[in-house]
Each structure stands twice: as C-alpha cells, then as structure tokens.
Amino acid sequence: MTDVMTRRSAPALADRLKPFSLPLGIVALLLVFALIEPRVISGANLRNIALQTSFLAIFAAAQCVVLLTRGFDLSLGVTVSLVSVGAGMAMTSAGVAAGLAAGCGIALAVGLFNGLLIGAIGINAFVATLGTSYVVMALASTLSGGFPVAPLPPAFNAIFAQGSLFGIRAAIWVALIVLLAIGLMLRFTTLGRRLYLVGASARAATAAGIRPAAVLIAAYAICGLLAGIGALLLTARTGSGEPNLGGNLTLESIAAAVVGGAKLTGGEGGISSALLGALFITVLSNGMNLVQVDGYIQQVFLGAIIVLSLILGRDGARR
Amino acid sequence: MLNVSGLTKRFGGFTALEAVDFTLLPGEVHALLGENGAGKSTLINAICGTFPPSEGNVQLDGRSLLDLSPLRVREVGVAPVFQEFSLAPALSVLDNLFLGREATRGPFLRRGEMRREAEALLSRIGFSLPLDEKVSRLSRAQKQMVEIAKALRLSPKILILDEPTASLTDGEAEKLFEAVARLKAQGVGILYVSHRMAEIRRLSDRVTVLRGGRLIATVHTADVTDAELIEMMVGRPVDELFPEIHNSPGAPALRVSDLSTATGSIRAASIEARKGEVIGLAGLVGCGRSELCRAIFGLEDISSGEVVLGETPVAKPRPDRMIAAGICYFPGDRAAEGLALNRPARENVSMAGLRLRKLSRGGLLRAGAEPEVVAGPLDKLGLRPMMPERRAGAFSGGNQQKVMLARGLVDDFDVYLFDEPTVGIDVGAKTDVYRFIKQLAESGACVIVSTSELPELLHLSDRIYVMAGGAVVQEIARDEASETAILSHYFGE
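About the criteria used
- Residues numbered from 1 in each chain as written.
- Chains lettered and ligands numbered in written order.
- Predicted model: local features only at pLDDT ≥ 70, side-chain atom pairs only at ≥ 80, totals over all residues.
- Heavy atoms only, no water.
- Helix = DSSP H or I, 4+ residues; strand = E, 2+ residues; numbered from the N terminus.
- Rg over C-alpha atoms; globule rule 2.2 N^0.38 Å.
- Buried < 20%, exposed > 50% of the residue type's maximum accessible area, 1.4 Å probe, protein only.
- Contact = heavy atoms within 4.5 Å.
- Areas by Shrake-Rupley, 256 points an atom, 1.4 Å probe, with all protein chains shown as cover.
- Expected span 1.5 Å × (residues − 1).
- Salt bridge = Lys/Arg side-chain N within 4 Å of Asp/Glu carboxyl O.
- Phe/Tyr/Trp six-rings, centres within 6.5 Å; stacked < 30°, edge-to-face > 60°.
- Lys NZ or Arg CZ within 6 Å of the ring centre and 35° of its normal.
- Patch = residues over 30% accessible without salt bridge, like charges linked within 9 Å, V, L, I, M, F, W, Y side chains within 5 Å.
- 1 Å grid on protein atoms, 1.4 Å probe; cavity = no way out; pocket = protein on both sides within 12 Å on 5 of 7 lines; lining within 4 Å.
- Points joined across faces, edges and corners; volume = space filled by probe spheres on them.
- Nonpolar A, V, L, I, M, F, W, Y, C, P; charged D, E, K, R; others polar.
- pLDDT = per-residue confidence, 0-100.
- Buried area = accessible area lost by both parts, 1.4 Å probe.
- Pairing = 2+ DSSP bridges.
- Axes fitted to C-alpha atoms, helices over the stretch in contact; angles between N-to-C directions.
- Core = buried A, V, L, I, M, F, W, Y, C linked by side-chain atoms within 4.5 Å.

**Student:** Sorry if this is basic, but what is going on with the overall build of chain B here?
**Tutor:** Each helix and strand counted, chain B has 17 helices and 24 strands in total. Here chain B has a C-alpha radius of gyration of 24 Å; the compact-globule value for 493 residues is 23 Å, and the two agree. When burial is assessed residue by residue, chain B has 55% of its 493 residues classed as buried. Taking as baseline every contact in chain B between residues at least 6 positions apart, the subset at least 24 positions apart corresponds to 68%. When the accessible area of chain B is evaluated, it comes to approximately 19300 Å², of which 50% is carbon and sulfur surface.

So, in structure tokens, the structure goes:
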C-alpha cells in the first residue's frame, strides 16, 4: 500500500514549508513579544538570548544523540550537578585544568555507565537512566555535603563565562563548536551512520553486522560528555560548584530536542533540532519574562507548546 | 453481490487505479492478480473505505459503500485481512479475537462466553489455536490464522484475503484452503490476492488481472493457463520462471557438523556446501532451517557443534565477524530484520559494508563515494523506481527485497544464506531474485536457500537437505528430487 501512497509527483506545499516552520515560528514569536515589549529585540536582549540558547543547545544536542538511538537520558540534569560539584572541588585543590579534566571525566563515566546498562546489559533507557540519576544525585549531594563548592579560581570564570573572542562569548563559541562537531560526526562518520541505523532498527543493524551494544555505549558516552561540557560552562557562569545546578535541565533538554524535531521513535532527525529547539524555548521563556507573564503560567505555555509541537511534528502521510 | 464500477484513484498527479470494474458473487472465490504497484492494494482499500476513490462506485447488494467509514464497511459485511498484522502482541489469542468487540455485562468482560464463542468459531473454520497464548509467542503462520479468525467473527458477506499464505507452510496453507472452501460453501464471497499460481488455480473461480492500475482482464480460471496469466500480469511473456543454473561445485565452502543451538531449535545438524553450488534447505516452518542459517551467521547461540568456513573453523559465530569472514545472510523477515525501513535505500545497501575501504577510512565515511558504490548493485538487481535516496519502506515488497539483496554485491562474499528469499514479492521480482541466485552461484559463490516454496527447491538447488524437528533428516540429490521425495521427509520419516 505504501508504495502507492508515497508516489506523488510533487510534495505538497505544506511538506515543503515544514523545514522552515520552526525558524519562522521563532521569528514570529520574537516579533509578537517585541510588539508588547520593544526591549525584546534590543541588542542586549538578543545577546542574552544567544547566550542562554547556547547552554540549552548543548544539553539538547546530548539528548539528540541518544534520541537517535530510540533512547533518552533522564540522568542528564543530575550529571550536570555532579560535574559542577566534582569539577569545582578538583579546581579548588588542583587548578582550572584539573577541574576541566575531572568534569569531563566524571561526565564521561556517567555516560559510559548508562551506555553499559543500556547497550551491554540491555536494560531499557527509561529505567537505566532513572536508576543512574538516583546514584548520581546521591553522589553530588554527598560530595558537596549539600553546600556550594566555592570560591572557584577567578580565571575559570574569567575565561569561560566572561571571556569572549571577536565579541562573541565563550559559551556561544563552545556551543557552536559542539554542535558543528556532532553534526559532522552524524553525517560523515561510520559511528554517526550506525547511530541512525541502530535507532531505525536494531535488529536489522545486527543482521548487517553492526553491534548495537557498541553503538549505544558510544551514544551515551557522547551524551554524558556533552552534558559535562555544558555543566562546566554553567559552573563558570555561577562561579561555584552547585549540587543543584541540574534542576530542570533533564526535561528542558528533552523538550528542546523534541520541539526541534527529534523523533522519540529514533533513526531520524539531526543536530539542527537541538539548536532550533533550544532557541525556540529560550525565546519563549525570555519573552514571557520580559512581558511579565506569571512564572507558573509560563510553565503552562511551555507544556502546551511541547505537546503541540509533538502533534504537529507527526508525519501524517507516513505509516 | 459486490459491484465495483469505473473505479479511479489518483494520488496527486499519480493515477493508482484507472476505471477498474470488478464484481464478486456470493460463494465465489475471485482472485486478484498483479505485480506490486499494479493497484491491488488500492482497489482493496477503496472497497474497505480506507480512502475514497476519485471516481467510480462501490456497491454491496446495491448499497453504496463510498460514504461509509472503514468501521461501518466492516459492520455491513466486508472483512479484510491485510498482510500487516493488526494484532496486539501482548494480549492472548482470545483477547485479540474480541479486541474492541468484547462481550460484556455492564463494565465486566464475559470471558466464559467469549471463550465458548471463540471455540465455536475456530472449529467452524477448522483452525486450532492456543486461545490463552500471547500473540507475541505465536509463529507468523499462527498470527495469520488469528487475523483471519478475527475477520470471520462478524460472519462477513465478503472476505478479503491479502496474500494469506505468504507466511504459511504448505500444511498450514492446506488448512486455510479448507477454511476458504467451507466459507465459499456458506455463500461468502472471497476476494483472494496472491502471487502463487498453484493457489489461484486451485481455489479461484475467476481471476482479475491488474497491471499499472488498469484492468487487464477478468477471466474464468479454468479457461487460462498459468503462462497466460503471468503474461497478462507482467506484460511480457515469461518463458521460464526459473533460470537454468550451470553449477560447477568446487572446493568446500561451508561445513556445519553436529550443530545444536542453546534453545534446542537445532539438534546435531550437519550440512556441507561447496563453492558454485546451490543448496536447498527444506522443511516446515519451525523445522529449524531458518534457525540453522541464523546460527551459522551468529544470530542464535550455539551450544555444541562446529561451523567451518572454507578450511577455517569459526569458534563463535557473530554477525560482524561472519560478514568479515565472507558470509552474507539475508533474513526472512524483511521488515523486522532485513531493513531499516525509515532510512534511505542507499544506507540500507551500504550498511553491511561500512567497514570496507571503499566506504570509509579510519571511521570517516566516504560520503562522496557511497552513492556510486551503491548504484552498481541496485542497478544490477533492477531497483524500481531507481531512487536510492527514497526511504526503504516506501518501496514495494519486491523492491525492498532488492534493496536488501544489493548488500550482497557491495562486498565479496563466499557464502550467501537466503531465508525465504521470495516471501511476499511478485512474480517479476521473483524472477529477478532467481537470476541473482544464478549469478552468484555461477560466479563461484556458495548459495544456501531456505524456503517453503517447493518449486524453488526443485528448480534452484543442486542438493536439498530436508529438516524436521531441528534435525537434518535427509539429503536429496538433484536428480532424485521431486515434490513427493521432499515432502515424504517433512515429518521426520
């Protein structure tokens, strides 16, 4: 049946516009907010949006990589907290470089642990990462004793939060590099290809000689590492190792990826979902703040938008 | 009873069906024949109300079905059984039979009543099914029977069977034929879609042939020969379905000795295959021939025995190692295990050869070279339409099969394992698959074909191993092979 239904001479106009609907939506959203509150499109606020987006985009990119394999990472938020605390402690005792190494090491370890549970042992992503999140949360609280790790070396904040190159802040540079690297990895490496294939059909991939276990371990390790990089940037910004830094990031990062167009069914989508989704959510929150929408009402809007984007993102013609 | 007149269906600029007339009488089995893409599915969907036709009319006993929803169409007496199963795998057979139409008293299910009704239904149609078993644990054949039984629950006037025997063994198909005969005697009109000539000849009163969305002819089955039907269907004379294979058995390519699997699906099976030889694996579904292929390739855990490739024993088969060692396996369940359906055909062709130097260097894909690497094999197999960037799932069954088989040409393999290579594909594509097998064997590869199609065993293989209950029960040489010789071993002598 499918052969007949998809054999159309030209895609409908709506289908052709689909890739542009989110960027257009973001612009429209900005303009609507700007009509109510002109400060929304001031240079200072646009720079602020860019900075905010870069953190979320890194976390969304982490989720995108595992969403491709039909998984997700519920431990992302607490990993951010643990990295913040762990890197903070290493930094105070052994310097910035040691802190960065510790942060990345911790993040990679959490990611590998998730990957082993899911890939090698075969536990489903929901249960595995939920379990991990409890362990990681406990570690973060225990290590820090519940208190922020401070003060961090001033150089850390100066470079990774205040620093800028060609007038662009460090966090934005890092986000751009991360997104570009992941984008290139997905498109031009065998690992990237295997991520798509394992997500589309792990059984078919197996029968074609691809080992889903190895691919899944790599996916969660990358996801963890990206969460760690984002965590280091956030830590630089707050200036202390925070045991609660992760907060809502797990859900926000999944939401951004999904709003951006990543499919929970795996095997489809790319890194642009992370960037666009993060930008959309940041513009929405930022705008609502500036036009003084009540904080709780903001959550309602966010929730509604996420559900709506899932409904609109469904492919009607495909089965 | 059912009267379809001037039915036309367009999808955008594409005409899937053009001015097709079709009638179905009470107690008639009317076969619908055509290659994939000929419009069979479109016709069935228009009758079932899945989508409205662009022009024309569909009437059941003088009443138009066009403005009815698919659900209503079922209720007025049209029962379709599609190839894709619409069963809930986690529920029992009984639950599935009554899914959405449970017998209830208030909010409570009347399980006893449902069980009695289900038993009566099964005995009426002559199927034996374990009512309390979960559907996910059933064989494909059993699932098919559940699907048919479910359709028959509402005592339909018209039963639509879309390739019902595609996954059945001959024994199971026999059961289905008996059920069809019984329903026919009860006055049910049956629209029967199949690619298998023998079935059409045996069951049908009339045949309607579609090609390219047009009605080619409606004829009485008794008045035409198979060759005439095939010619009508493919639009060209088919001199011979099976090519002549000039085999020249050479050095040993694969030896399996006393192989058993951990699940017990294979018991001490031994086979031997040489280069340039086509080996047939015969037996009922579940006899272990599929599992033997899977175990050789490393998809089933081996508990004892040995696999020797050429001269080298393989300690523990694993798909990636076996591919590297020169074994190519084509799974029988194309949709579940053969293809990543929502990825482009190109990626499906290259997926088993990503490690090759022509496709990657040090983990970096050679994205520029890939389309070319893939084009040759697809061209050789005759993918239609030749659109490597289209997602694999959008192709017809036969062309999906070609996408999967193209994998075998990306790399150089010594041994090819085919499991049910022609399930659910049309005659045209079948001949392409047979030609592919011929080319492989004649170029010196060792080909092993596990199939439930007796004609394939007889026409393609040099030697046949018959399996039953997980064991190899008989080896039959080409000049001794005949349907009876093979069938006599199906139940383990």
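**Student:** When you look at the environment of A:Gly224 in this model, what are you seeing that I'm missing?
**Tutor:** Assignment of secondary structure puts A:Gly224 in helix 11 (residues 212-238). Counting along the chain gives 205 residues from A:Gly224 to A:Pro19, while the straight-line C-alpha distance between them is 29 Å.

**Student:** Would you take a moment to explain helix 8 (residues 170-188) of chain A for this structure?
**Tutor:** For an α-helix, the turn length of 3.6 residues means that residues three or four places apart are oriented alike. For helix 8 of chain A, with 19 residues, the first-to-last C-alpha span of 26 Å sits near the 27 Å given by 1.5 Å per residue. Taken as a whole, helix 8 of chain A has its buried residues at A:Ala170, A:Ala171, A:Ile172, A:Ala175, A:Val178, A:Leu179, A:Ile182, A:Met185 and A:Leu186.

**Student:** What is the right way to look at the pattern of salt bridges in this model?
**Tutor:** Note that side chains of opposite charge can pair when their charged atoms are close. Residue and element names in this part refer to chain B. Tallied over the full model, the rule gives 30 salt bridges over all chains. Notably, a salt bridge pairs Glu174 with Arg202, separated by 2.8 Å at the nearest N-O pair. Separated by 28 residues along the polypeptide, Glu174 in helix 6 (residues 170-185) and Arg202 in helix 7 (residues 197-203) bring together distant segments of the chain. Judged by relative accessible area, Arg202 falls into the partly exposed class, the value being 46%. Notably, a salt bridge pairs Arg435 with Asp432, separated by 3.8 Å at the nearest N-O pair. With Arg435 and Asp432 both in helix 15 (residues 427-442) and 3 residues apart, the pair spans about one turn of that helix.

**Student:** Help me understand the packing of aromatic side chains in this model?
**Tutor:** Geometrically, a pair of aromatic rings is defined through the distance of the ring centres and the angle of the planes. Taken as a whole and judged by the stated rule, the model has 11 aromatic pairs over all chains. Look at A:Phe72 and A:Phe126: their rings are 6.3 Å apart centre to centre, the planes differ by 85°, and that puts the pair in the edge-to-face class. Note that A:Phe72 is positioned in the loop between helix 3 (43-68) and helix 4 (76-94) and A:Phe126 in helix 6 (residues 125-144), a separation of 54 residues in sequence. Looking at A:Phe126, the relative accessible area reads 45%, which means it is partly exposed. An aromatic cluster of three or more residues is present, and its members are B:Phe330, B:Phe413, B:Tyr416, B:Phe418 and B:Phe436. It is B:Lys9 that lies over the ring of B:Phe11; its NZ or CZ is 5.2 Å from the centre.

**Student:** Any chance you could explain a nonpolar patch on the surface here in plain terms?
**Tutor:** The grouping of A:Phe126, A:Val127, A:Leu130, A:Tyr134 and A:Met137 at the surface amounts to a nonpolar patch, some 490 Å² of accessible area in total. Counting through the fold element by element, A:Tyr134 comes out in helix 6.

**Student:** Any chance you could explain the layout of surface pockets here in plain terms?
**Tutor:** Gaps left between atoms are located by rolling a probe of water-molecule size over the structure's atoms. Residue and element names in this part refer to chain A. The space that makes up the second largest pocket amounts to roughly 780 Å³. What lines the second largest pocket is a set of 29 residues, among which Leu56, Glu252, Ile281, Ser285 and Leu302 lie closest to the centre. Class assignment of the residues belonging to the lining of the second largest pocket gives a composition of 15 nonpolar, 12 polar and 2 charged.

**Student:** Just checking my understanding: could you explain empty space enclosed by the protein for this structure?
**Tutor:** Residue and element names in this part refer to chain A. As enumerated under the stated definition, the model contains 4 cavities of 30 Å³ or more in all. Lining the second largest cavity are Cys64, Leu67, Leu68, Leu186, Ala262, Lys263, Glu268, Gly269, Gly270, Ile271 and Ser273. Element by element, the count of residues in the lining of the second largest cavity is highest for helix 3, at 3 residues. Of the residues in the lining of the second largest cavity, the class split is 6 nonpolar, 3 polar and 2 charged.

**Student:** I tried to follow the confidence of the model for chain A on my own but got confused; where do I start?
**Tutor:** Predicted coordinates in regions of low pLDDT should not be interpreted in detail. Residue and element names in this part refer to chain A. Looking at chain A, the pLDDT average stands at 86 and 92% of residues meet or exceed 70. Within chain A, helix 1 (residues 2-6) has the poorest average pLDDT of any element, 39, and helix 11 the best, 94. Counting contacts from residues 1-10, a segment whose pLDDT is below 50, to residues more than four positions away or on other chains yields 29 contacts.

**Student:** Mind showing me how you'd approach the interface of chain B and chain A here?
**Tutor:** Accessible area lost upon the coming together of the parts serves often as the stated size of an interface. With 46 residues of chain B in contact, the opposing surface of chain A contributes 33 residues. Surface buried jointly by chain B and chain A totals about 3300 Å² across both partners, of which 58% is contributed by carbon and sulfur atoms. At the junction of chain B with chain A, the criterion picks out 3 salt bridges. Between B:Glu347 and A:Arg193 there is a salt bridge, and its shortest N-O distance comes to 3.6 Å. Contributions of two or more residues to the side of chain B that touches chain A are made by strand 2 (14-24), helix 1 (40-48), helix 10 (319-325), helix 11 (334-338), helix 12 (345-350) and strand 20 (364-365) of chain B. The class makeup of the residues in the side of chain B that touches chain A is 21 nonpolar, 13 polar and 12 charged.

**Student:** What is the right way to look at the environment of B:Arg182 in this model?
**Tutor:** Residues and elements named next belong to chain B. Mapped onto the elements of the fold, Arg182 is located in helix 6. Classification of Arg182 as partly exposed rests on a relative accessible area of 31%. In sequence terms Arg182 and Thr50 are 132 residues apart; their C-alpha atoms lie 28 Å from each other.

**Student:** How should I be thinking about the sheet that holds strand 23 (residues 463-468) of chain B in this particular structure?
**Tutor:** Strands belonging to one sheet form pairs held by backbone hydrogen bonds; the direction of such a pair is parallel or antiparallel. Residue and element names in this part refer to chain B. Pairing is mixed in the open sheet, where 6 strands are placed in the order 18-21-22-15-23-24. At either margin of the open sheet sits one strand with a lone partner, and together these are strand 18 (327-330) and strand 24 (471-477). In this sheet, adjacent strand axes meet at a mean angle of 20° when their direction is disregarded. Pairing analysis gives 5 bridges linking strand 21 (residues 415-419) to strand 22 (residues 446-450), with the strands arranged parallel.

**Student:** I tried to follow the pairing of strand 12 (residues 214-220) of chain B on my own but got confused; where do I start?
**Tutor:** Looking down a regular strand, the side chains alternate between one sheet face and the other. All names here are of chain B. Across 6 bridges, the pairing between strand 11 (residues 206-211) and strand 12 is antiparallel. What sits directly across from Arg211, in strand 12, is Arg214. Between strand 11 and strand 12, which follow one another and run antiparallel, lie 2 residues, and Gly212 among them has a positive phi close to 55°.

**Student:** Looking at this structure, how should I read the nonpolar core?
**Tutor:** If you look at soluble globular proteins, the nonpolar side chains tend to sit buried side by side. B:Leu292 and B:Phe418 are the most contacted members of the largest nonpolar core, which has 155 residues in total. Of all the elements, helix 3 of chain A adds the most residues to this core, at 15 residues. The contacts of B:Phe418, once residues within four sequence positions are left out, are B:Phe330, B:Leu405, B:Phe436, B:Ile437, B:Leu440, B:Val447, B:Ile448, B:Val449 and B:Ser450.

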